[in-house]
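# Chain and residue survey
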Amino acid sequence: MSEQVLIVGAGPVGLTMATELRRYGVPVRIIEKTTQRTDQSRALFLWSRTLELLDRLGAGEALVAAGRKVEAVNILSGSKRIGRVDFADIESAHPYALMLPQAETERVLEENLAAHGVKVERGTELVTFTNGDNAVSATLRRADGTEETLTAPWLIGCDGGGSFVRKTLGLSSTGPAQQSDWLIADVHLAGFDFPPTELASFWHEDGFLAIFTLAPGRHRVIADLRHAQGVAPLEADLDLVQYILHKRGPGGVIASAPSWLSTFRIHERNVTNYRAGRVFLAGDAAHVHNPVGAQGMNMGIHDAVNLAWKLALVRQGVANAEALLESYNVERHAVAEHLVAEIGRASAISLIKIPSAQFARNLLGNIFFGLAPARRAVAETLSEVSLGYRDSPLNAEEDHALPGPGPGERLPPQPGQPPLGMGDSPRFALFGAPGPGVDALQVKYAGLLEPDLRPPVSPRCLWLVRPDGYVAAEVLEEDVHQLDDYLYRYIGGDATTAASL
Ligand SMILES: Cc1cc2nc3c(=O)[nH]c(=O)nc-3n(C[C@H](O)[C@H](O)[C@H](O)COP(=O)(O)OP(=O)(O)OC[C@H]3O[C@@H](n4cnc5c(N)ncnc54)[C@H](O)[C@@H]3O)c2cc1C
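Quick caveat, the model's predicted, so the values are computed rather than measured.

Once that is clear, we can look at the domain arrangement of the chain. Splitting the chain by domain gives domain 1 (5-44 + 101-174 + 271-321), domain 2 (178-268) and domain 3 (388-501). With centres defined by C-alpha atoms, the gap from domain 1 to domain 2 works out at 32 Å. The partner domain 2 presents 12 residues to the nine residues of domain 1 that form the contact. Between domain 1 and domain 2, roughly 840 Å² of surface is buried when both sides are summed, and carbon and sulfur atoms account for 72% of that area. Contact with domain 2 buries surface across domain 1, with Leu44, Val288 and Pro291 losing the most and accounting together for 49% of the total. On the surface where domain 1 and domain 2 come into contact, there are zero salt bridges.

This paragraph deals with the packing of aromatic side chains. Enumeration over the complete set of coordinates arrives at 11 aromatic pairs. Centre to centre, the rings of Phe192 and Phe194 are 5.3 Å apart; their planes meet at 20°, and the pair counts as stacked. By the burial criterion, Phe192 is buried, and Phe194 matches it. With centroids separated by 5.8 Å and ring planes inclined at 90°, the aromatic side chains of Trp309 and Phe428 adopt a geometry described as edge-to-face. Here Trp309, found in helix 7 (residues 296-316), pairs with Phe428, found in the loop between helix 10 (372-382) and strand 21 (429-431); they are 119 residues apart in sequence, far enough to count as distant. Trp309 sits in the buried class, given a relative accessible area of 0%. Note on Phe428: relative accessible area 0%, which makes it buried.

How each quantity is defined
- Residue indices begin from 1 for each chain and proceed along its sequence in written order.
- Selection of residues for local features in this predicted model requires a pLDDT of at least 70, selection of side-chain atom pairs for listing and counting requires 80 or more, and totals for whole chains, interfaces and linings are taken over all residues.
- Side-chain measures here rest on the full set of heavy atoms in the structure, leaving out hydrogens and waters.
- Segmentation of the chain into domains, including their bounds, is taken from an automatic or database domain assignment.
- Here, residues are in contact when the closest pair of their heavy atoms is within 4.5 Å.
- Buried area: the accessible area, evaluated with a 1.4 Å probe, that two parts lose upon being put together, summed over both parts.
- A pairing counts as a salt bridge when a side-chain nitrogen of Lys or Arg comes within 4 Å of a carboxyl oxygen of Asp or Glu.
- Each Phe, Tyr or Trp ring (for Trp, its six-membered ring) is paired with any other whose centre lies within 6.5 Å, and the angle between the two planes then decides the class: stacked below 30 degrees, edge-to-face above 60, tilted in between.
- Exposure classes here rest on a 1.4 Å probe applied to the protein chains alone. A residue is buried below 20% of its type maximum, exposed above 50%, and partly exposed in between.
- The helix and strand labels rest on DSSP assignments: H or I over at least four residues marks a helix, E over at least two residues marks a strand, and numbering proceeds from the N terminus.

Next comes the structure, spelled out in structure tokens:
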């Protein structure tokens, strides 16, 4: 059997997956059925948490250099501003949204992967696979028609919304399939006077409308078509763009000079299980969201980061492999469910139809967005820094009397500290003051813990933080033995050998 993990699909999720695994020393092959990278730019935003995670891969700097920082999002009803959410207060190394066309994000990620010594095998399609107990057997077909059959320890389907891997596994989705139609238009807008560093999102009974400045004089219009279908053809044209702008926008905005006009259909889904034995799903292959909130690609990148450190530890031979791998589905499935619910709630508010209810909504919206904590909560949700794994089976028991983030929550970046999860092996970070118990723990779990203790987050407490930056356990200094229990019980002790695979 080959040692190489087979990654299917070189979109943003497959590229992240390949880089994370490779830098943790896991051999990979990444195949992509198309022969060239797409120049279509569906996703436009990388959120704060995604940038933090991509910093660990060494891609953050190049992405930030290529993109444009967006400072705030405005919520409007017609020309009236209901609220403005500023990203500056987010506790992150990246307190902004980064606007970068998806094609550029993929370019940077692919170059970064190449710097880690892995080349995408383009023009190579997965055509069949068998999910065995000890290995996955897969057949690949190249553009010239030649075929190759291989075995791999794991197969990861990062093959997008129409996922061949998901369909072959026959995995079903939770909840009824939600279908919606959308318009996307890159155009020149006259009469749209928003600062280019701010986004505009409009509440309207007909559906969602958002306008972003791509470059001086160029704008992206994205709109939900569910209610326009009866009055306008589904074919995207400038008249449809103008009609929607006129009905839902701030007024007086004229669209011209389209460079991209398209309609597309979304089938929202969240697969019931992101894992079937030795096969995993990540990104759009596992979950598809509607574009409100612009979270889809970001969520997929987080899937990749979540799975990669676990696979790398299992390959190193930690004893608790099954529990570690199962936690991928539990954690990421729950986050996708949560997101769908949040988007559903936001959409319901924005679509209120009765004029008196709209009046009340706008008034309450003004009050809500007038409150700093409320604005901050919205910013933290959008930027994904408040997402976490509160119900993860990998969380130690929480002691509510202790300060700061508890098990499953993201530990915000600590001043002067490098990002968590860097390096060539996934390691837990230990935050706290030195002492005999801590020293002994570091010696006992030298293969699992970072070699250097990090400074305390708050006095008298120890934090054990996972390689992806989420708190695993928090205890008082005198209870350091509980961290020993944690590492033994949840992870399975020191990583020693790959023989258990
Ligand atoms: C209009 C629009 C706007 C969006 N805006 C945003 C946004 O602002 N923010 C955001 O976060 N998300 C956004 N999204 C969602 C985002 O584009 C997707 O979530 C993202 O592309 C998913 O990445 P992925 O790698 O999972 O899948 P994909 O990008 O679809 O990549 C899958 C890859 O797998 C390849 N493949 C498929 N089958 C095989 C096979 N059998 N063998 C080999 N290769 C195969 C495909 O060719 C493809 O390259 C938007 C989506 C749309 C449609």
